[in-house]
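# Residue-level structure breakdown
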Amino acid sequence: MPYDHSFTRAQRIQNIEVSEIVQISENAAKLRAEGKDIVALSTGAPDFPTPAPVIEAAHRAALEGQTSYTPTAGTPALRKAIANTAGVQPENVIVCTGAKQVLSNIMTATLNDGDEVIIPTPYWTTYSDIVAIAGGKAITVPCPMDQGFKISPETLEASITENTKWVMLNSPSNPSGAIYSAEEYKALAEVLKRHPQVWVVSDEIYEHLSYGDFQSFTKAVPELADRTVVVNGVSKAWAMTGWRIGWGIGPVEIIKAMTAVQGQVTSGTCSVAQAAAVEALLGDKTVLAERNEAFKQRRDFIVSALNDIPGFECSTPDGAFYAFPCIEKAIELSGQENDAAFCQWLLKTAHVAIVPGRAFGLPGYARISYAYGQEDLTEGVARIKVAMTDITKS
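The structure contained in this document is the topic of the report that follows. (Residues numbered from 1 in each chain as written. Predicted model: local features only at pLDDT ≥ 70, side-chain atom pairs only at ≥ 80, totals over all residues. Heavy atoms only, no water.)

### Digging into the sheet that holds strand S9 (residues 322–323)
Defined as follows: Two strands qualify as a pair provided that DSSP identifies no fewer than 2 bridges between them. Labels follow the DSSP assignment, with helices taken as runs of H or I lasting at least four residues and strands as runs of E lasting at least two, numbered in each case from the N terminus.
The strand order S9-S12-S11 describes an open sheet built from three strands, whose pairing is antiparallel. What marks the edges here is a single partner per strand, and that holds for S9 and strand S11 (355–356). Note: S9 against strand S12 (residues 366–369), two bridges, orientation antiparallel. Residue pairing for S12: alanine 323 is matched across the bridge by isoleucine 368.

### Comments concerning empty space enclosed by the protein
Using the following cut-off: Lining residues are those with an atom within 4 Å of a point, where the points come from a 1 Å grid over the protein atoms alone and group into cavities, where a 1.4 Å probe fits but cannot get out, or pockets, open sets with protein on both sides within 12 Å along at least five of seven lines. Grid points are joined across faces, edges and corners, and a volume is the space filled by probe spheres set on the points. Only Asp, Glu, Lys and Arg are considered charged in this grouping, and only Ala, Val, Leu, Ile, Met, Phe, Trp, Tyr, Cys and Pro are considered nonpolar; every other residue, Gly among them, is considered polar.
Taken as a whole and judged by the stated rule, the model has one cavity of 30 Å³ or more. Considered as a void within the structure, the largest cavity measures approximately 90 Å³ in volume. In terms of lining residues, the largest cavity is bounded by Pro120, Pro122, Tyr123, Tyr127, Phe149, Met168, Leu169, Asn170, Ser173, Asn174 and Tyr180. In terms of residues, the lining of the largest cavity owes the most to one element, strand S5 (residues 164–170), which gives three residues. Here the lining of the largest cavity is composed, by residue class, of eight nonpolar, three polar and no charged.

### Notes on the layout of surface pockets
Of the voids in this model, the largest pocket is the one considered here, and its volume is about 700 Å³. What lines the largest pocket is a set of 30 residues, and nearest its centre among them are Lys100, Trp124, Thr126, Lys236 and Arg244. Contributing elements (two or more residues each) for the lining of the largest pocket: helix H1 (20–33), helix H4 (99–110) and helix H5 (126–133). Examining the composition of the lining of the largest pocket, we find that five residues originate from one element, H5, more than from any other. Looking at side-chain class alone, the lining of the largest pocket contains 12 nonpolar, 11 polar and seven charged residues. There is about 470 Å³ of room inside the second largest pocket.

### So, the packing of H4 against H5
Cut-off, in case you're wondering: Lines fitted to C-alpha atoms define the axes, with helix axes restricted to the stretch in contact, and inter-axis angles between N-to-C directions lie between 0 and 180 degrees. In this scheme the handedness of a crossing depends on how the near helix is turned from the far one: anticlockwise by less than a right angle means left-handed, clockwise means right-handed. We call two residues in contact whenever any of their non-hydrogen atoms come within 4.5 Å of each other.
Viewed as axis vectors pointing N to C, H4 and H5 meet at an angle of 35°, and their least axial separation amounts to 9 Å. Judged by the sense of rotation from one axis to the other, the crossing of H4 with H5 is right-handed. Contacts between H4 and H5 involve Lys100, Leu103, Ser104 and Met107 on the former and, on the latter, Thr126, Tyr127, Ile130 and Val131. Taken together, the residues of the contact of H4 with H5 sort by class into five nonpolar, two polar and one charged.

### Observations concerning the packing of aromatic side chains
This is how the line gets drawn: Two rings from Phe, Tyr or Trp (for Trp, the six-membered ring) form a pair when their centres sit within 6.5 Å of each other. Planes less than 30 degrees apart are called stacked, planes more than 60 degrees apart edge-to-face, and all others tilted. With a 1.4 Å probe rolled over the protein chains alone, any residue whose accessible area is under 20% of its type maximum counts as buried; one over 50% counts as exposed, and the rest are partly exposed.
Using the criterion set out here, one finds 16 aromatic pairs in the structure. An angle of 15° between the planes, with centres 5.4 Å apart, marks the rings of tyrosine 180 and tyrosine 185 as stacked. Tyrosine 185 carries the same exposure label as tyrosine 180, and that label is buried. Ring centres 5.8 Å apart and planes at 80° place the aromatic pair tyrosine 206 and tyrosine 322 in the edge-to-face group. Note that tyrosine 206 is positioned in the loop between strand S6 (199–203) and helix H8 (217–220) and tyrosine 322 in strand S9, a separation of 116 residues in sequence. Neither residue differs from the other here; tyrosine 206 and tyrosine 322 are each classed as buried. A connected cluster of aromatic rings, assembled from ring pairs, spans Phe48, Tyr206, Phe295, Phe321 and Tyr322.

### Thoughts on the pattern of salt bridges
Going by this rule: When a carboxyl oxygen of Asp or Glu is within 4 Å of a side-chain nitrogen of Lys or Arg, the pair counts as a salt bridge.
Using the criterion set out here, one finds 15 salt bridges in the structure. Between lysine 193 and glutamate 190 there is a salt bridge, with its nearest N and O atoms 3.0 Å apart. Here glutamate 190 and lysine 193 lie together in helix H7 (residues 182–193), a separation of three residues that amounts to about one turn. According to the relative accessible area criterion, glutamate 190 is partly exposed, its value standing at 41%.

Interpretation note: all reported values are geometric properties and have no functional meaning in isolation.
Below, the structure written as structure tokens:
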């Protein structure tokens, strides 16, 4: 019998594809290359440059010869800088190639087949795929606009089973911009105290892009720090998405397990990028406040503009740089089948790229990034308004 040389995917990635966010962004770039005038409001990369002192620190490190392999868990200088900002010890810190790898390390190091991970929706599209690749089962819990895009203690309690291993929280949230208050964290903690087998991932990558009162999970409920991993990094606030530096903060034993995983995948993170991150954490942070104010002004503009478009209903995000309007009425008005079809129609009709809510586990919504410049934002929402106004007149 001849051997079958055809390629077959591993079972655990049968349903894994490049994220819909990336697909939409690449499609927009392709259309632009073909000469189409496309306004893309689809990705979460700040339009600001990396601060000059951060770039200079990386340059100095390279000139000084810091170009060799680094310790798997991160350079001592960066682990110490992170530990000092978080009020922990360096051994509680692992530095990874972006926050995405932190999440992957967590799940790979801890999940057995069938273990459940509770993920409130909307969620960053990668969460469920990372869980699946690690052999776990994502339990998605819808948290729509009328719930503030946040999970309630009652819903959390109802979602926990004997197989639950983790609950993943993201504050400020991608895509909704929702922020959990200290009181809300404490209420969730009361539930978790009754289920000591459940650990918490607190993704705080948008910490410095908060327009209200940001509170870290472990600061709000320090009694759960011994079963929490906080995820953070420099990508968003410092406009360092390409430098690929994220980190996890947690109990020593899980940091060791994550380090063991990382040691067999990427080993230590880029040396000069870590030197840049040290400067970001220890250097002048005036630029953060300036950029945060710019994003706040863009937020106020985008929310007002979206609420002036027929079929759109948008709440005001408390952090990050995304608006997440409900577009159910817009879908109906445009005669489209669902949010994905509506976004495709908008790209074709108005030449504006946005991301459907289904990519974040909550259909009927759309994510619009205001990490872009004001000119793009103004033009983009104007085009959407024209498209929607035209169909309401017809």
